[in-house]
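# Chain and residue survey
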Amino acid sequence: MGFSKDNLTGFILALLSSGFIGASFIIKKKGLRRAAAASGVRAGMGGHAYLLEPLWWFGMITMIVGEVANFVAYAFAPAVLVTPLGALSIIVSAVLAHFILKEKLHKLGILGCVMCIAGSVIIVIHAPQERSISSIQEIVNMATQPAFLLYVGSVMVLVFILIFYFAPQYGHTNVLIFTGICSLMGSLSVMSVKALGTALKLTFEGRNQLIYLETWFFMFVVATCVITQMNYLNKALDTFNTAIVSPIYYVLFTTLTIVASIIMFKDWDGQSAGSIISEICGFIVVLSGTILLHVTKDFERSSSFRGNAGNYTPLSPTLSTRLCSGNGESLKHDVEEGPSSEEIGYFKFTLDDVTIC
């Protein structure tokens, strides 16, 4: 199956999005360090001198440009193609942090980067063609088909159960509660973003879709889902170690988004079994690379810390052990002046995410 013009446009926009967002974290951190040096008070300690630092604002603008590119990418290419490419922002930030911030990238982390790139290439090669849509009514018909309504209903039931039953009791001891809420709502937000982006694309092409109530409904859904995601993602990041939250959130969010897209937009209709299997394998490789990159950063942090103590104390607990542990204070690194390289990319995951600064 050939690579269509729309797929190519979406692919390029997704790459630009990852590049801008990955670089923005490094630029902002440089700005935060510069502001802290000038004022003597770091942002992590309550300082706000970075608001007067041009470099920090340049990083913010870079991030906004990346998010806009990501939003537009969904209007041109299927979520099966765009969403997994969000992992590339982690690679960009990790590599830039290694050379610019002198934050050492572990050898296994390099392997994780290579795996992310290899998996992304496989996904791009076998990605389905973007379905041609001529009006917002077509998207409404897709959103109201029984299979997708069943998916939406299941998601809402699970979200309500997690919020009102599990979150009060287990939210601060099990990382899957808050990240699960973010991921479930995230899959719906991406579907709404794609619908809204397509409507705006048609409008700019001369077929005004803003006159339809459905377009504004999708805008409302986007706002609702994003606000919910922001709330519970912040809770997760405040409660648990970022090195644990980021890969788990990425895996859940990306998987659920692809499932939702397959159901609503029928991305796999007309594809051969070989192409579908190749996409799944590429996706698994990207997930594995992302997890490996995050885990090795945590490993490097722990080993360097304990190495300075001059002993051979065992390293931090395994990932499976930490999933249901407390708030992970033993794993939290010292408060820095801004987002560290371990934190790179977790906001990218929200709309593939939405970025919160």
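In short, a report on the structure.

Definitions and limits used
Residues numbered from 1 in each chain as written. Predicted model: local features only at pLDDT ≥ 70, side-chain atom pairs only at ≥ 80, totals over all residues. Heavy atoms only, no water. Helix = DSSP H or I, 4+ residues; strand = E, 2+ residues; numbered from the N terminus. Buried < 20%, exposed > 50% of the residue type's maximum accessible area, 1.4 Å probe, protein only. Areas by Shrake-Rupley, 256 points an atom, 1.4 Å probe, with all protein chains shown as cover. Patch = residues over 30% accessible without salt bridge, like charges linked within 9 Å, V, L, I, M, F, W, Y side chains within 5 Å. Salt bridge = Lys/Arg side-chain N within 4 Å of Asp/Glu carboxyl O. Expected span 1.5 Å × (residues − 1). Arc of directions from axis to C-beta. Axes fitted to C-alpha atoms, helices over the stretch in contact; angles between N-to-C directions. Parallel < 35°, antiparallel > 145°, perpendicular 65-115°, else oblique. Left-handed = near helix turned anticlockwise from the far one by under 90°. Contact = heavy atoms within 4.5 Å. Nonpolar A, V, L, I, M, F, W, Y, C, P; charged D, E, K, R; others polar. Core = buried A, V, L, I, M, F, W, Y, C linked by side-chain atoms within 4.5 Å. Phe/Tyr/Trp six-rings, centres within 6.5 Å; stacked < 30°, edge-to-face > 60°.

## Some details on the overall build of the chain
Across its full length, the chain carries 12 helices and 0 strands. Counting from the amino terminus, helix and strand elements in the chain follow one another as α-α-α-α-α-α-α-α-α-α-α-α. A total of 357 residues make up the chain; the buried ones form 53% of that total. Summed over its atoms, the accessible surface of the chain is roughly 15800 Å², and 70% of this surface lies on carbon and sulfur atoms.

## A short note on a nonpolar patch on the surface
Taken together, the side chains of L8, I12, L16, F20, I61 and V65 make up a nonpolar region of the molecular surface, amounting to roughly 490 Å² of accessible area. Elements that contribute at least two residues to the nonpolar patch include exactly α1 (5-39) and α2 (54-76). Broken down by element, the residue count for the nonpolar patch peaks at 4 residues, all from α1. Judged by its relative accessible area of 41%, I12 is partly exposed.

## As for helix α5 (residues 107-126)
A rise of 1.5 Å per residue sets the reference length of α5, with its 20 residues, at 28 Å; its end C-alpha atoms lie 29 Å apart and thus fit the reference within 8%. For α5, every residue scored as buried is listed here: G109, G112, C113, C116, G119, S120, I123 and V124. Down the axis of α5, the buried side of the element spans an arc of 135°, and every buried residue falls inside it. Those residues of α5 that are exposed and angled more than 90 degrees off the buried face are K107 and I125.

## Brief notes about the packing of helix α6 (residues 136-143) against helix α9 (residues 213-239)
To characterise two packed helices, one gives the angle between the axes of the helices and the distance between these axes. Direction vectors running N to C along α6 and α9 enclose 55°, while the axes themselves pass 9 Å from each other. On the basis of their axis angle, the class for α6 and α9 is oblique. Here α6 runs over α9; the crossing is left-handed. Judged by residue contacts, I136, Q137, I139, V140 and A143 of α6 engage E214, T215 and F218 from α9. Residue composition of the contact of α6 with α9, grouped by class: 5 nonpolar, 2 polar and 1 charged.

## Digging into the nonpolar core
Counting 76 residues, the largest nonpolar core has L81, M191 and M264 as its most contacted members. Per-element accounting of this core gives the leading share, 14 residues, to helix α8 (residues 175-204). For M191, the contacting residues outside a window of four places in its chain are A79, F148, T257, A260, S261, M264 and F265. By size, the runner-up hydrophobic cluster in this structure holds 5 residues, among which are L32, A35, Y50 and M60.

## A word on the environment of M264
As for its position among the elements, M264 is in helix α10 (residues 242-265). Linking M264 and M142, residues 122 residues apart in sequence, is a C-alpha distance of 5.6 Å. Beyond its immediate stretch of four places on either side in the chain, M264 contacts I139, M142, A143, Q145, F148 and M191.

## With respect to the packing of aromatic side chains
Applying the stated criterion across every chain, the model contains 9 aromatic pairs. For the ring pair F178 and Y232, a centre distance of 6.0 Å and an interplane angle of 40° mean the geometry is tilted. Taken together, the positions of F178 in helix α8 and Y232 in helix α9 put the pair 54 residues apart, joining distant regions of the chain. Y232 matches F178 in its accessibility class, with the two residues each being buried. The rings of Y50, W56 and W57 are connected pair by pair, giving a single aromatic cluster.

## Observations concerning helix α4 (residues 88-99)
The end-to-end C-alpha distance of α4, which contains 12 residues, comes to 17 Å, matching closely the 16 Å that a straight helix rising 1.5 Å per residue would cover. Every buried residue belonging to α4 is among L88, S89, I90, I91, S93, A94 and A97, and all of these are buried.

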